[in-house]
Amino acid sequence: MDFLAALGLFAAKVLLVVMGVGFIVALIGSAARRGGPAPGDVKLTHLSALWRRTARRMNGQLLTPRAAKRVTQKARAEEKAALKRQDERPRVFVLTFDGNVRASQTRLLREEVKAILEISRPGDEVVVRLHSPGGFVHAYGFAANQLERIKERGLKLTAAVDQVAASGGYMMAVVADHIVAAPFAMIGSIGVVAGIPNFSRWLKKHDVDYELHTAGPFKRSLTVLGENTEEGRRRFKDELEVAHGLFKRFVAKHRPKLDLERVATGQHWYGAEAVELGLIDALKTSDDYLLERRDTAEVWAVQYTPRRRPFDRAVTVLAEGLGRAAEAGVAGGLVRGVEQARESLSTPR
């Protein structure tokens, strides 16, 4: 009995610690969210200059001292000349979009696009390094709208796909004037998919009733807990067809020469096949494309980073500290609990 009592006391202590830490972190997080989003900063990285400096350093290590000196002098002279004509040459602004199901990076993309449009000049180009398997229709529709802002300003837009631009990812890519992709990149998937689990039979088995009331015959088509009907399934399928139709019209608007009957089946293709179908324009990695562009333009990477307020940093530090304390407390409690249980078993009665 002493062993069970010691074990129960230990479990209660652990539960109290976890609940306390969770409550404090929840309060802090709630206060942080009420403060609203913090502003951020746009960082520009001059990739052209970075590549020139990297080449100079490598030549200094690979060549003999005399040859390295000649190459370095020549490179510095070229760099000085490049700096003089930097204001006259067109700029290539490079964005990176790594998409998830919710296209969460759109909030950063919109700020990056806004910054570019503030400083852009005629002849400038925007290259989007795009990686996304797709996700929610409305989320990727909004992300594609951000790229349309670039074209509306009259700037050239290029999408570069190294691995995947499928479904919503291709919805974004198709906005571009020019699409390049690596030979094995996955392209296309012009389709819509949705699934929903249903637990109505499990609820009935356990004598649980579920009621769903709607105002409007089509407010809800399929449900998770209620019993679905054939009419609801037809309505759900109709909603998917509507979304698919909007997707196809959006693709046709930006790439009118595509054979939609052939490519808008939900199927994806590798880059080598996609170029033959007209889904992309050329087989090329983003690295190769940017290295080519540096010969005629200055290449700049653009990245927006939300600024963390002092309160946000304090929340992070406090949360990490509480987490470490909780881990130490649980570990220490576990050791003490085992020792107490061992003592209760070894003590003669």
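Please read these numbers as outputs of a predicted model, since none were measured by experiment.

**Student:** Describe unusual backbone geometry, listing the residues and the values that go with them.
**Tutor:** Here serine 167, not a glycine, exhibits a phi torsion of approximately 55°, which is positive. Structurally, serine 167 is set in the loop between β4 (156–166) and α6 (168–173). Despite not being glycine, aspartate 207 has its phi angle at roughly 55°, a positive value. You can see aspartate 207 is positioned in the loop between α7 (200–205) and α8 (230–254).

**Student:** Can you tell me about the pattern of salt bridges, naming the residues and giving the values?
**Tutor:** Two side chains that carry opposite charge are able to pair once their charged atoms sit near each other. The final tally for this structure, using the stated rule, is 14 salt bridges. For glutamate 227, the salt bridge goes to lysine 204, with nearest N and O atoms at 2.8 Å. One end of the pair, glutamate 227, is in the loop between α7 and α8; the other, lysine 204, is in helix α7, and 23 residues separate them in sequence. Of the residues examined, glutamate 227 reaches a relative accessible area of 58% and is grouped as exposed.

**Student:** An account of the nonpolar core is needed here, citing residue identities and associated values.
**Tutor:** Formed by 48 residues in total, the largest nonpolar core has its most connected members in Phe97, Tyr170, Met172, Ile187 and Leu279. With sequence-adjacent residues up to four places away left out, leucine 279 is seen in contact with Tyr170, Ile179, Ile187, Ile190, Arg255, Leu258, Val263, Trp269 and Ala274. Within the second largest apolar cluster, eleven residues are counted, among which are Leu47, Val92, Val94 and Val127.

**Student:** Pulling in residues and values, what's your account of the packing of helix α4 (residues 106–119) against helix α5 (residues 137–152)?
**Tutor:** Between α4 and α5, the least distance of the axes is 10 Å, while the angle of their chain directions is 10°. Taken together, the axis directions place α4 and α5 in an arrangement best described as roughly parallel. Each of Thr106, Leu109, Arg110, Val113, Lys114 and Leu117 in α4 lies in contact with α5, whose residues at this interface are Ala139, Phe142, Ala143, Gln146, Leu147, Arg149 and Ile150. Considering only residue class, the contact of α4 with α5 consists of eight nonpolar, two polar and three charged.

**Student:** Hey, could you go over the packing of aromatic side chains for me, with residue numbers and the actual values?
**Tutor:** All told, the structure shown has two aromatic pairs when counted by the stated rule. Relative to tyrosine 140, the ring of phenylalanine 97 lies with its centre 6.5 Å away and its plane at 70°, an arrangement referred to as edge-to-face. One end of the pair, phenylalanine 97, is in strand β2 (residues 91–98); the other, tyrosine 140, is in helix α5, with 43 residues separating them in the sequence. The pair phenylalanine 97 / tyrosine 140 is uniform in exposure class, with both members buried. Pairing phenylalanine 184 with tyrosine 270 gives two aromatic rings, centres 6.4 Å apart and planes at 65°, and the pair type is edge-to-face. Here phenylalanine 184 is found in the loop between β5 (178–181) and β6 (186–188), whereas its partner tyrosine 270 is found in strand β7 (residues 268–270), with 86 residues between them in sequence. Looking at phenylalanine 184, the relative accessible area reads 70%, which means it is exposed. According to the relative accessible area criterion, tyrosine 270 is partly exposed, its value standing at 41%.

Cut-offs used in this document
- Residues numbered from 1 in each chain as written.
- Predicted model: local features only at pLDDT ≥ 70, side-chain atom pairs only at ≥ 80, totals over all residues.
- Heavy atoms only, no water.
- Helix = DSSP H or I, 4+ residues; strand = E, 2+ residues; numbered from the N terminus.
- Salt bridge = Lys/Arg side-chain N within 4 Å of Asp/Glu carboxyl O.
- Buried < 20%, exposed > 50% of the residue type's maximum accessible area, 1.4 Å probe, protein only.
- Core = buried A, V, L, I, M, F, W, Y, C linked by side-chain atoms within 4.5 Å.
- Contact = heavy atoms within 4.5 Å.
- Axes fitted to C-alpha atoms, helices over the stretch in contact; angles between N-to-C directions.
- Parallel < 35°, antiparallel > 145°, perpendicular 65-115°, else oblique.
- Nonpolar A, V, L, I, M, F, W, Y, C, P; charged D, E, K, R; others polar.
- Phe/Tyr/Trp six-rings, centres within 6.5 Å; stacked < 30°, edge-to-face > 60°.

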